[in-house]
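Spelled out, the chains give:
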Amino acid sequence: MKKSFPYSIWNIEMETMDREVRKSLQTYRLKELVWYLYDNVKFYKDKFNEKGIHPNEVRDIEDIENLPFTNKTDLRDNYPFGLFAVPMEEIVRIHASSGTTGKPTVVGYTQSDIELWAEVMARSLVASGATKNSIVQNAYGYGLFTGGLGVHYGAERIGATVIPISGGNTARQILILEDFGPDIITCTPSYSLYLAEEIEKKNIKMQNLKLKYGIFGAEPWSEAMRNEIEKRLGIKAINIYGLSEIIGPGVANECLEQAGLHIYDDHFYPEIIDPATGKKVKDGEIGELVITTLTKKGIPLLRYRTRDLTRIISEPCKCGRTHPRIDRIMGRTDDMLIIRGVNVFPSQIEEVLVQIEEVAPHYQLIVDREHNLDVLTVMVEVDEKVFSDEIKKLEMIERKIENEIESMLGISVRVKLVEPRTIERSEGKAKRIIDNRKI
Ligand code: ADP
Ligand code: ZN
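Given the structure is predicted, the values throughout are model-derived calculations rather than measurements.

Caption draft 1: Seen up close, the pattern of salt bridges. Counted according to the given criterion, the structure contains 30 salt bridges. One salt bridge connects Arg123 with Glu119, and the closest N-O pair in it is separated by 2.7 Å. You can see Arg123 and its partner Glu119 sitting in helix H5 (residues 111-127), 4 residues apart, about one turn around the helix. Of the residues examined, Arg123 reaches a relative accessible area of 1% and is grouped as buried. Given the relative accessible area of 14%, Glu119 is considered buried. The partner of Arg425 in a salt bridge is Glu381, with the nearest N and O atoms 2.9 Å apart. A residue pair is termed long-range when its members are at least 10 positions apart, and Arg425 in the loop between strand S20 (414-418) and strand S21 (433-435) and Glu381 in strand S19 (residues 373-382) qualify at 44 residues. Overall, Glu381 belongs to the buried group, its relative accessible area being 2%. In the salt-bridge network here, residues are joined through shared partners; they are Glu197, Glu198, Lys201, Glu381, Arg421 and Arg425.

Structural data, given as structure tokens:
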């Protein structure tokens, strides 16, 4: 009997595969990968030799724990093409990471990698509510950044209509939202709020647009921010995760249950480790996500340390997919601020801010060191009405937020309210932290 599922699924065979069967597939693929790396990438051959490991010794997917990690620095040290496993003539596309944390890292795709990417993006789009009848306004940047072309190929794969508008040019985005009637928009969550703001300014009624779903990723965002986006744009906001080193967007994606992101572990094998020791954490605990690309050919990576913090949710999901889920990314290990000994992620501050009525969710965190002490200043915008109030009222709100942050996160911060639109808007990833400490 054919099983039925509550929502559409792009690739029923792979996405609802029995977990034990998938495990055998992972084992098979890992063995192939290890041989492939040994034979084709000098960096890995040297690493295996250094560690005294031979590909023959990998017999089970769990043996992965004995294999070496790959770090972002390894990509940088082999800049630009040193980790490619195929000759350049096999590479059909180059992308580079947006360089949030330094020099870009370069990745290359073979024709089969492009196919694989379209496949996982097709799974992601369908999981987010897209169908062949969808019109997708793709406001991720096209170019070296993977967002634009990743979504583009996935949308074409499912037969939807793509509007390749790319990032920026908000006036044009709104015109197209009104005139072309897309049911889906894809962009960063921070940009979606900016769009909402501009739409409201123009007095356009959301009910008059056809928008139903937004697929947002490329930067951390909180549950509270999701609620805000859903309310203001009148849509369902779905979380998509990916990174260029692994493939780009489409490594993991929420389903319409919105309860964690299914990670496509027939291609991207996840592990969660303690970033300090490199050891696996207990099931369900938070740690650093490590991913192995089981099937990629251009630049396959073994145990790539993403520096993204999350946990694995292994309970079955109501949607019927058997891929495990990862929790929304809390931040990066290198985004984490340590303020007088307390670890803080921008997303935690965001959670607090979004709940305060008078302020808009546009904020920036400024870290300074004064008399050897870290001082965190939270700059946050208020809306027009509040800003024109008397100073005393503004100060009251500032104190209120400071207290709120202190009671929720256990750190004292300075809050500074600023005029609407003083914090720089980003068309891509929002810049949340300015660290002046130089340490
Ligand atoms: P980089 O930002 O390192 O230049 P990418 O452009 O490939 O490189 O971005 C990948 C990173 O973006 C991820 O490692 C992660 O930190 C962040 N990211 C992507 N999607 C999400 C998401 N849905 N939630 C939180 N963070 C995300
Ligand atoms: Zn699900």
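Continuing now.
Caption draft 2: Spatial organisation of the coordination of the zinc ion (ligand 2). Note on the zinc ion (ligand 2): its protein donors are Cys255 (SG), His262 (NE2), Cys317 (SG) and Cys319 (SG). The metal-donor distances range over 2.1 to 2.3 Å. Read in sequence order, the donor residues for the zinc ion (ligand 2) give the motif C-x6-H-x54-C-x1-C. A residue pair is termed long-range when its members are at least 10 positions apart, and His262 in strand S9 (residues 261-263) and Cys317 in the loop between strand S13 (312-313) and strand S14 (325-326) qualify at 55 residues. For the residue pair His262 and Cys317, the accessibility class agrees, reading buried in each case.

Caption draft 3: Quick peek at the packing of aromatic side chains. Overall, the coordinates contain 8 aromatic pairs when judged by the stated rule. Judged by centre distance (5.8 Å) and plane angle (85 degrees), the ring pair of Trp35 and Tyr38 falls under edge-to-face. Here Tyr38 and Trp35 lie together in helix H2 (residues 19-40), a separation of 3 residues that amounts to about one turn. With 5.9 Å between their ring centres and 50 degrees between their planes, Tyr191 and Tyr194 make a pair best called tilted. Placement of both Tyr191 and Tyr194 in helix H8 (residues 189-201) is noted, with a separation of 3 residues, approximately one turn of the helix. Assessed through its relative accessible area of 17%, Tyr194 is described here as buried. Ring pairing ties together the aromatic residues Trp35, Tyr38, Phe43, Tyr44 and Phe48, which thus form one cluster.

Caption draft 4: Structural detail: the domain arrangement of the protein. You can read the domains of the protein as domain 1 (1-333) and domain 2 (337-435). On a C-alpha basis, the centres of domain 1 and domain 2 stand 30 Å from each other. Contacts between the two partners involve 26 residues from domain 1 and, on the opposite side, 15 residues from domain 2. In this structure, the connection of domain 1 to domain 2 is made through 3 salt bridges. For the salt bridge of Glu198 with Arg421, the shortest nitrogen-to-oxygen distance reads 4.0 Å.

The rules behind each value
Residues numbered from 1 in each chain as written. Chains lettered and ligands numbered in written order. Predicted model: local features only at pLDDT ≥ 70, side-chain atom pairs only at ≥ 80, totals over all residues. Heavy atoms only, no water. Salt bridge = Lys/Arg side-chain N within 4 Å of Asp/Glu carboxyl O. Helix = DSSP H or I, 4+ residues; strand = E, 2+ residues; numbered from the N terminus. Buried < 20%, exposed > 50% of the residue type's maximum accessible area, 1.4 Å probe, protein only. Donors = N, O, S within 2.8 Å, 3.2 Å for Na, K, Ca; no water. Phe/Tyr/Trp six-rings, centres within 6.5 Å; stacked < 30°, edge-to-face > 60°. Domains from an automatic or database assignment. Contact = heavy atoms within 4.5 Å.

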